[in-house]
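Here are the chains, one letter per residue:
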Amino acid sequence: MTDDDRHPKTSASAALPAEALGAAPGPRSVLMKVLSAALSGGLLVLLFLVIIPALGSLDGVWEAIRSMSIATFLLLLLAALVIRVLLAAAYPPVIPGLSFFRSLIARESSSAVSNVIPGPSGTATQYVVLRSWGVSTERFAAATVSVSVITDALVFAAPGLLLLVWVALGQPAKQDSDHVWLIGVVTLVISAVTVILVSAVARSERLAGWFGRAGERCVNPVRRALGKEQITTWPEQTRTLRAATLTQLRGNAGVIGSCIGGGYLLNGFLLVGCLWACGVEEALMPVSLGLFLYSVGRVLTIVPITPGAVGVAEVVYTAIYVAVLGEASHDTVFAGVLVYRALTWGLPLITGAIAYLVWRIMRTKEIHDVRAAKP
């Protein structure tokens with residue numbers, strides 16, 4: 001099989017970096033991985049040795065974590081596992097012939113890698129696993145880009161919608177601080193803009209091309225200053241991306257929406273549950289307020305500066321909840337965030353390692369069976 005067969009020059013695959021489609025990482029990619037790994041380690045050191053001690057005692061944090069019952073932790077663990085299942089279930093509807101089990105193996109393997117190695121390492125791992133089972137580059141690229149577009153649109157639209165839910169419920173546990181309203185107004189504007197733009201682009205191919213041209217005009221001056229070739233393909237790529245996403249949704253909107261939306265909401269419930277389990281009172285932070293604050297954190301961590309947003313997510317989520325609930329809640333909030341991150345960042349390292357081992361065993365057996373069947 002030639003390189004062109006493995007990586008055809010299609011508009012869908014062009015939306016993903018070459019490394020995410022199995023190409024070897026270049027020198028710049030390796031450099032960025034090293035720098036990102038160093039940044040991740042530095043943030044963790046800064047988090048535990050400087051930031052947290054400056055904000056309060058770690059003794060209170062560990063005490064809050066130890067106060068959680070085993071039964072409660074097992075319930076939270078079950079919710080975290082269901083989230084893993086929902087993430088994997090989003091791919092079979094858009095990749096014909098892909099079984100849920102194989103999707104789960106690929107998804108978990110990619111999650112483990114992306115939580116440790118920076119760059120498109122997780123996407124590359126998922127591609128390698130699915131490619132070994134005959135999923136074409138075009139199918140994989142179209143599915144991955146479409147799922148990513150839908151997920152990102154949800155992340156930006158959810159805060160305003162969840163704020164409206166909180167308000168409609170009578171603003172339970174409204175705090176004296178104006179922080180919740182300041183955060184709410186900003187996120188409501190972002191959500192409204194997101195919904196309007198996504199709806200408009202879905203209706204107009206011409207508008208999709210316009211966004212591509214606008215992006216080129218913003219990026220090309222910088223590229224010229226760096227002596228790089230000008231980008232001229234973004235209008236066509238954005239139109240193709242729009243068409244591919246709509247095609248994937250046609251007939252699969254309900255299943256994909258349930259998987260992506262369900263996983264998003266369950267993540268929010270999981271964080272709220274972790275905070276409650278570590279001592280944050282439900283009367284102080286009801287589920288509606290907790291989900292809204294979670295959605296704000298998702299927007300602020302949508303670009304993973306470090307692998308799996310390690311170090312960054314812990315600080316961001318803690319800061320958001322403490323800003324609304326008050327400084328007195330710091331230890332219990334941070335304890336809950338640590339438990340949540342253990343279940344959403346640490347757990348995939350374990351399930352991913354198991355999934356990768358299962359894939360290697362399956363492939364070895366499949367290759368052996370093929371060779372044995374030959375005369």
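Owing to the predicted nature of the structure, the values given are computational and were not obtained by experimental measurement.

(A) Quick look at the layout of surface pockets. In this structure, the second largest pocket encloses a volume near 1200 Å³. If you list the elements that add at least two residues to the lining of the second largest pocket, you get α8 (137-168), α9 (179-203), α10 (205-225), α11 (234-249) and α12 (253-277).

(B) Expanded view of the nonpolar core. Ranked by internal contacts, the top residues of the largest apolar core, which has 49 residues, are Leu270, Leu271, Leu275, Phe292, Tyr317, Tyr321 and Val333. At the level of secondary structure, the elements contributing two or more residues to this core comprise α4 (58-66), α5 (70-89), α8, α9, α12, α13 (287-300), α14 (312-325) and α15 (330-373). Not counting chain neighbours up to four residues away, the residues in contact with Leu275 comprise Val280, Met285, Tyr321, Thr332, Val333, Gly336 and Val337.

(C) Here's a closer look at the packing of helix α7 (residues 121-131) against α8. Closest axis-to-axis distance for the α7/α8 pair is 10 Å, and the angle between their directions is 140 degrees. By the angle class used here, α7 and α8 are oblique. Classified by chirality, the crossing of α8 by α7 is right-handed. Each of Thr123, Gln126, Tyr127, Leu130 and Arg131 in α7 lies in contact with α8, whose residues at this interface are Thr137, Phe140 and Thr144. When the residues that make up the contact of α7 with α8 are grouped by side-chain class, the tally is three nonpolar, four polar and one charged.

(D) Structural detail: the confidence of the model for the chain. Residues with a pLDDT of 70 or more make up 83% of the chain, whose mean pLDDT is 81. Helix α1 (residues 3-6) is the least confidently modelled element of the chain, averaging 42 in pLDDT, while α5 averages 95, the highest of any element. In the predicted structure, residues 1-9 sits below a pLDDT of 50 and forms 13 contacts with residues beyond four places in sequence or in another chain.

(E) Spatial organisation of the side chain of Ser288. Looking at the element boundaries, Ser288 is found in helix α13. If sequence neighbours within four positions are ignored, Ser288 has contacts with Trp166, Leu169 and Pro172.

Parameters and conventions
- Going along each chain's sequence as written, the residues are numbered from 1 onward.
- Where totals are concerned, whole chains, interfaces and linings use all residues; where local detail is concerned, this predicted model gives features only for residues with pLDDT of at least 70, and gives and counts side-chain atom pairs only at 80 or more.
- The side-chain figures draw on all heavy atoms in the structure; neither hydrogens nor water molecules are used.
- Two kinds of site are reported from a 1 Å grid over the protein atoms alone, namely cavities, where a 1.4 Å probe fits but cannot get out, and pockets, open sets with protein on both sides within 12 Å along at least five of seven lines, and residues are called lining when an atom falls within 4 Å of a point.
- Grid points are joined across faces, edges and corners, and a volume is the space filled by probe spheres set on the points.
- Elements are defined by DSSP. Helices are runs of H or I of four residues or more, strands are runs of E of two residues or more, and each kind is numbered from the N terminus.
- What makes a nonpolar core is a set of buried Ala, Val, Leu, Ile, Met, Phe, Trp, Tyr and Cys residues whose side-chain atoms join them at distances within 4.5 Å.
- Note on classification: 1.4 Å probe, protein chains only; a residue is buried when its accessible area is under 20% of the maximum for its type, exposed when over 50%, partly exposed between these limits.
- Residue contacts are counted whenever heavy atoms from the two residues lie within 4.5 Å of one another.
- Angular values range over 0 to 180 degrees, each being the angle between N-to-C directions of two axes fitted as lines to C-alpha atoms, with helices fitted over their stretch in contact.
- We call two directions roughly parallel when the angle between them is under 35 degrees, roughly antiparallel when it is over 145, roughly perpendicular when it lies between 65 and 115, and oblique otherwise.
- By definition, any crossing whose near helix is turned counterclockwise from its far helix by less than a right angle is left-handed, and any crossing with a clockwise turn is right-handed.
- Put simply, Ala, Val, Leu, Ile, Met, Phe, Trp, Tyr, Cys and Pro go in the nonpolar bin, Asp, Glu, Lys and Arg in the charged bin, and everything else, Gly too, in the polar bin.
- One number per residue, pLDDT, summarises how confident the predictor is, and it ranges from 0 to 100.

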